[in-house]
Amino acid sequence: MTETPTLYEWAGGLDALRRLTTVFYGHVLKDPVLEPVFRHMDPGHPEHVAVWLAEVFGGPETYSHDHGGHRHMVGRHLGRAITEEQRRRWVNLLFDAADEAGLPSDPEFRSAFAAYVEWGSRLAVMFSQPGREVTVEEPMPKWDWGNRPPWQPPSG
Ligand code: HEM
């Protein structure tokens, strides 16, 4: 039986995720809804998000080792009061960027990708609301194919 690759491998590894976040934040900074949110972002932000996604999708655990892990990521959303309009625009632009960056477009990959982005972006909104503190001690989220692994030709 063919071994199931991780979402990270299927996506094309860190290079593909870097392409994704580079294209994405290029659009974000031109978008009237999101530009005010990201105007002062750290110049390393697109790289950090690529490294984050890599780890969540089963790649190297670099974000946990070098960037403060889940706790740090949650902390970066605190107090930002992200609205549903901003969240939805963020998701839409990320899906557009996935096409532009040439991420795999097969139904199985895109449905797993969309599931994570919906989940993660809604958590980001929750953590960003006034009065929230970093209370998460959970490990990094890890995402996989759910109940639809990728279609691959039978081996042998
Ligand atoms: C799946 C959804 C999301 C993921 C995976 C994600 C990921 C991240 C990560 C990893 C960081 C920290 C980067 C670092 O280590 O420096 C971060 C920061 C941030 N996120 Fe998110 N995020 C998500 C959703 C959102 C949404 C929906 C918004 C707003 C519309 C948002 C706004 C921000 C902002 C403003 C920062 C700080 C940027 C900076 O100043 O460097 N995030 N995000």
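None of these values were measured; they are calculated from a predicted model. (Residues numbered from 1 in each chain as written. Predicted model: local features only at pLDDT ≥ 70, side-chain atom pairs only at ≥ 80, totals over all residues. Heavy atoms only, no water.)

**A closer look at the nonpolar core**
What counts is decided by this rule: Side-chain atoms within 4.5 Å are what join buried Ala, Val, Leu, Ile, Met, Phe, Trp, Tyr and Cys residues into a set we call a nonpolar core. Any residue under 20% of the maximum accessible area for its type is buried, any over 50% is exposed, and the rest in between are partly exposed; the area is computed with a 1.4 Å probe on protein chains only. A run of DSSP states H or I qualifies as a helix once it reaches four residues; a run of E qualifies as a strand once it reaches two. Both are numbered from the N-terminal end. Contact between two residues is taken to exist if any of their heavy atoms lie within 4.5 Å; hydrogens are not considered.
Within the largest apolar cluster, 36 residues are counted, with the highest numbers of intra-cluster contacts made by L20, W52, L53, F57, L103 and F113. Elements with a contribution of two residues or more to this core: helix 1 (7-11), helix 2 (13-28), helix 4 (45-56), helix 7 (84-100) and helix 8 (107-128). Per-element tally for this core: the top contributor is helix 4, with 7 residues. The contacts of F113, once residues within four sequence positions are left out, are L20, F57, L94, F95, A98 and L103.

**Looking at the coordination of the iron atom of the ligand**
Quick note on the threshold: Metal donors were taken as nitrogen, oxygen and sulfur atoms no farther than 2.8 Å from the ion, or 3.2 Å where the ion is Na, K or Ca. Water is excluded, so coordination may look unfinished.
Protein coordination of the iron atom of the ligand rests on one atom only, H77 (NE2), at 2.1 Å. The topology assignment puts H77 in the loop between helix 6 (69-75) and helix 7.

**Quick word on empty space enclosed by the protein**
Note the threshold: Two kinds of site are reported from a 1 Å grid over the protein atoms alone, namely cavities, where a 1.4 Å probe fits but cannot get out, and pockets, open sets with protein on both sides within 12 Å along at least five of seven lines, and residues are called lining when an atom falls within 4 Å of a point. Grid points are joined across faces, edges and corners, and a volume is the space filled by probe spheres set on the points.
Evaluated as defined, the whole model comprises 1 cavity of 30 Å³ or more. The space that makes up the largest cavity amounts to roughly 70 Å³. Residue lining of the largest cavity: W52, H70, M73, V74, H77, Y116, W119, G120, L123, A124, F127 and P141, and that is the complete set. When contributions to the lining of the largest cavity are tallied by element, the ones reaching two or more residues are helix 6 and helix 8.

**Notes on unusual backbone geometry**
Positive phi is not limited to glycine here, since A81 has a value of about 45°. Structurally, A81 can be placed in the loop between helix 6 and helix 7.

**Describing the environment of F95**
By the secondary structure assignment, F95 is in helix 7. Taking the relative accessible area as the measure of exposure, F95 reaches 27% and is therefore partly exposed. Taking C-alpha positions, F95 is 8.0 Å from A114, a pair spaced 19 residues apart along the chain. Non-local contacts of F95, meaning those with residues more than four positions away in its chain, are made with R110, F113, A114 and V117.

**A closer look at the UniProt feature "binding site: heme" (unreviewed entry) in the chain**
The criterion, for reference: UniProt positions are given in the numbering used here, feature names are shortened, and annotations may be inferred rather than shown by experiment.
In the numbering adopted here, UniProt assigns the feature "binding site: heme" (unreviewed entry) to H48 and H72. Annotated residues spanning 25 residues; largest pairwise C-alpha distance 11.2 Å, indicating a single compact cluster. Lining the largest pocket, from this annotated set, are H48 and H72. With respect to the helices, strands and loops of the structure, H48 is situated in helix 4. Each residue touching H48, except ones within four places of it in the same chain, is listed here: D42, Y63 and H67. Following the sequence through the fold, H72 ends up in helix 6. For H72, a relative accessible area of 38% translates into the label partly exposed. For H72, the residues in contact, after removing those within four places along its chain, are Y63 and H67.

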